[in-house]
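Tertiary structure, described
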Amino acid sequence: MIIQKTENSRISTFDPNNFSFGNTFSDHMIICEYEDGKWGDVKLVPYGPLLFTPAMMGVNYGQACFEGMKAYKDNDGQVFLFRPEKNFERINKSAKRLAMPEVTEEIFLEGLKALVNIDREWIPQGEGTSLYIRPLIFATEEALKARVANKYMFAIVTTPAKMYYTEPVSVKISDHYSRAASGGVGSAKAAGNYAASFYPTQLAIEEGYDQIIWTDDATHEYFEESGTMNVFVRINDTIYTPPTSEKILDGVTRDSFIQLAKKRGFEIKIEPIKVKDVVEAQKNGTLKEVWGVGTAVVTTVFQALGYNGVKLELPRLSDDESFAVTLKNDLVNLQTNQSEDPFGWRVLVEKDVLETA
């Protein structure tokens, strides 16, 4: 690994009590270039702009995918990653679907650990805070040709994170737009998936909602995801979540919730969720909770569902009554080293001295 430490750290300008998630970046980044059929050296360099042209194939033809993950700091200042091997597996699954080269475990995990280690001061310490990590792969070849590119870049950037939503949100059940289609790229974290979701989400916001629950593209009769999150529904004391597929992303937080629910003895069913069943449960009072989970948000509890022009209110449960909040607390306590880790999910980032090369 080639390491170039910044000579002008910006950490003194970072206020952990007053920052904006998503556009406050740490001092360094990881870059690694692919050319002539192979990945080159991993470089840890100062964060900053890179030189590309408008003819870059990733911009023109959409060969781009990414991951979302976090690093956490415990009360003693130790730094942990959470299930990083899952993100490594998934970015390669996305890359393969988009005909891009897969990265090696050494490039991904060693680069990740080195970056988090050198920028550990950027990890806020406190409730709901973390360092959000964005690994990504994109085509860099300069060519206006609709084909698989020959040059790529793997990069990792980080941004301090805090609570994404601080209040419950209202979501509209989509009856027209879909996030993904059969045979498409819904199971990949393709950049284009997010671009395609913005317009329908904007329309929902104009109707007074915060997000969308995406439904299947063929009939719009089944829940799939919610915004950029996997979705869970609780009817009476049973939790439901749709099975992953080529249309539904295999979320790391989703899988963690499922395993934590099973550990607690909650009944959880991984099966298709019919919109009509959820609406009927709301009407007869058996619908207790609907929530979304994802890396950035962790958990977002929904306060209302929009369906056929009607806003269906959901129960306001106390934290003790809420399965969503209970599982969120279990997850956060595990991630931040405040509880035992029976699954082996926490990965300590050793504090090493990095030499400039």
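Refer to the preceding data block for the structure.
Bear in mind that the values here come from a model prediction, so they are computed numbers and not experimental data. (Residues numbered from 1 in each chain as written. Predicted model: local features only at pLDDT ≥ 70, side-chain atom pairs only at ≥ 80, totals over all residues. Heavy atoms only, no water.)

**Things to note about the overall build of the protein**
- Check the secondary structure of the protein and you find seven helices and 19 strands.
- The C-alpha atoms of the protein give 21 Å as radius of gyration, which agrees with the globular expectation for 357 residues (21 Å, within 12%).
- Principal-axis analysis of the C-alpha atoms places the extent of the protein at approximately 65 × 50 × 35 Å.
- Put simply, 72% of the contacts in the protein that link residues at least 6 apart link residues at least 24 apart.
- As displayed, the protein has an accessible area near 16,900 Å², and 47% of this comes from carbon and sulfur atoms.
- Here the protein carries 38 positive and 50 negative side-chain charges, and the mean point of each set is 2 Å from the other. (Helix = DSSP H or I, 4+ residues; strand = E, 2+ residues; numbered from the N terminus. Rg over C-alpha atoms; globule rule 2.2 N^0.38 Å. Contact = heavy atoms within 4.5 Å. Areas by Shrake-Rupley, 256 points an atom, 1.4 Å probe, with all protein chains shown as cover. Lys, Arg positive; Asp, Glu negative; His and termini not counted. Charge placed at Lys NZ, Arg CZ, Asp CG, Glu CD.)

**Here's the deal with the side chain of aspartate 74**
- In this structure, aspartate 74 sits in the loop between β6 (69-73) and β7 (79-82).
- Here aspartate 74 sits buried without a salt bridge, and the closest side chain of opposite charge, arginine 346, lies 7.2 Å off (N-O distance).
- Of the polar contacts made by the side chain of aspartate 74, one reaches the backbone nitrogen of aspartate 76; its length is 2.9 Å.
- Each residue touching aspartate 74, except ones within four places of it in the same chain, is listed here: Phe80, Gln125, Thr336 and Asn337. (Buried < 20%, exposed > 50% of the residue type's maximum accessible area, 1.4 Å probe, protein only. Salt bridge = Lys/Arg side-chain N within 4 Å of Asp/Glu carboxyl O. Polar contact = N/O pair within 3.5 Å; in protein donor to acceptor, adjacent residues only side chain to side chain.)

**Section: the packing of aromatic side chains**
- Counted according to the given criterion, the structure contains 16 aromatic pairs.
- Measuring from centroid to centroid gives 5.3 Å for phenylalanine 14 and phenylalanine 19, while their planes differ by 55 degrees, and the two rings are tilted.
- The exposure class of phenylalanine 14 is buried, given its relative accessible area of 11%.
- Summarising the aromatic geometry, the rings of tyrosine 34 and tyrosine 152 are spaced 5.8 Å apart at their centres and angled 70 degrees between planes, so their arrangement reads as edge-to-face. With tyrosine 34 in strand β2 (residues 28-35) and tyrosine 152 in strand β9 (residues 152-161), this pair connects stretches of sequence that are 118 residues apart.
- Each member of the aromatic cluster is reached from another via a ring pair, and the members are Phe14, Phe19 and Trp122.
- Its guanidinium or amino end placed over the ring of phenylalanine 323, arginine 234 lies 3.6 Å from that ring's centre, counting from NZ or CZ. (Phe/Tyr/Trp six-rings, centres within 6.5 Å; stacked < 30°, edge-to-face > 60°. Lys NZ or Arg CZ within 6 Å of the ring centre and 35° of its normal.)

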